[in-house]
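# Analysis of the macromolecular model
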Amino acid sequence: ITESLSGEAIIMGHFFAFGARLAAERHGLPFANVCLSPHWLKGFVKPTGMKARLQRLVAGANTRFIDGQLFTGPMNSLRAGLGLEPLAQSSARWMFGGSSLCLFPRWFLDFPLEDSMALDFAGFPSANRGPLASEVESFLQKHPNPVVFTAGTSITEGAAFFQAALEALRAL
């Protein structure tokens, strides 16, 4: 790997792409975490008020439980087999250590982050996939300003999300 890449590559992976992070460490290559949602940053809330302190406390408790029960032992065994030192920090801090590319704009966060976070915000990715289907074009001609609500993959409060969507529509 290292001979064929010789300083011309960076390994990128999602927060749960532990294998990518391990490969980068094992072969001395740079790693960048790709963050798809602000949800994964909740463990790095800057504690500026009671709500932020509670969010950070809950996120920290979740990480400690997952790390303690499921992650640390097997990961450190795997690391030892690869000749790597045991983790000296939480799994979240390990994965977000170094560079992270967020595929959403900074304004999409609804909480402040720790100052130490090294994040680049690329905005929402889009793909030009050619012309729209005729049914979509027809719909947009009849309804030129559609409103779309999408909860993403880590929704935990579905009822509250859809209630907020309805209130937003009523306000229009």
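### Digging into the overall build of the protein chain
Helix and strand content of the protein chain: six helices and four strands. Secondary structure elements in the protein chain, listed N-terminal to C-terminal, are α-β-α-β-α-α-β-β-α-α. Out of the 172 residues belonging to the protein chain, those deemed buried represent 26%. Look at the contacts in the protein chain between residues 6 or more apart in sequence, and 48% of them connect residues 24 or more apart. Surface accessibility of the protein chain: about 11,600 Å² in total, with carbon and sulfur atoms responsible for 59%.

### Points about the packing of helix H2 (residues 18-27) against helix H3 (residues 50-81)
Between H2 and H3, the shortest axis-to-axis distance is 12 Å and the interhelical angle comes to 35°. Where H2 crosses over H3, the two elements pack in a sense that is right-handed. Between H2 and H3, the contacting residues are Phe18, Leu22 and Glu25 on the first element and Phe71, Met75, Leu78 and Arg79 on the second. Per-class residue counts for the contact of H2 with H3 are five nonpolar, no polar and two charged.

### Points about the layout of surface pockets
Here the idea is plain: a probe the size of a water molecule rolls over the atoms and shows the empty space left. Approximately 460 Å³ is the volume found for the second largest pocket. Around the second largest pocket, the lining is made up of 19 residues, and of these His39, Trp40, Ala59, Asn62 and Thr63 lie nearest the centre. At nine residues, H3 tops the list of elements feeding residues into the lining of the second largest pocket. Looking at the lining of the second largest pocket residue by residue, the class counts come to eleven nonpolar, six polar and two charged.

### Examining the sheet that holds strand E2 (residues 31-35)
On the basis of which strands lie adjacent, the open sheet formed by four strands has the order E1-E2-E3-E4 and parallel pairing. The sheet terminates laterally at strand E1 (11-14) and strand E4 (119-121), the two strands that pair on one side only. With strand direction ignored, the average angle separating the axes of adjacent strands in the sheet is 25°. In this structure, E1 lies alongside E2, joined through four bridges in parallel fashion. The residue bridging histidine 14 from the neighbouring strand is valine 34, located in E2.

### Things to note about the pairing of strand E3 (residues 99-102)
Alternating positions in E3 separate cleanly, Ser100 and Cys102 being buried on one face and Ser99 and Leu101 remaining unburied on the opposite face. Direction of pairing for E2 relative to E3: parallel, over a ladder of four bridges. Note on E3: the bridge partner recorded for asparagine 33 is serine 100. Bridge count between E3 and E4: three bridges; the pairing is parallel. Looking at E4, one finds that cysteine 102 is bridged to phenylalanine 121.

How each quantity is defined
Residues numbered from 1 in each chain as written. Predicted model: local features only at pLDDT ≥ 70, side-chain atom pairs only at ≥ 80, totals over all residues. Heavy atoms only, no water. Helix = DSSP H or I, 4+ residues; strand = E, 2+ residues; numbered from the N terminus. Buried < 20%, exposed > 50% of the residue type's maximum accessible area, 1.4 Å probe, protein only. Contact = heavy atoms within 4.5 Å. Areas by Shrake-Rupley, 256 points an atom, 1.4 Å probe, with all protein chains shown as cover. Axes fitted to C-alpha atoms, helices over the stretch in contact; angles between N-to-C directions. Left-handed = near helix turned anticlockwise from the far one by under 90°. Nonpolar A, V, L, I, M, F, W, Y, C, P; charged D, E, K, R; others polar. 1 Å grid on protein atoms, 1.4 Å probe; cavity = no way out; pocket = protein on both sides within 12 Å on 5 of 7 lines; lining within 4 Å. Points joined across faces, edges and corners; volume = space filled by probe spheres on them. Pairing = 2+ DSSP bridges.

These figures come from the coordinates and say nothing about function on their own.
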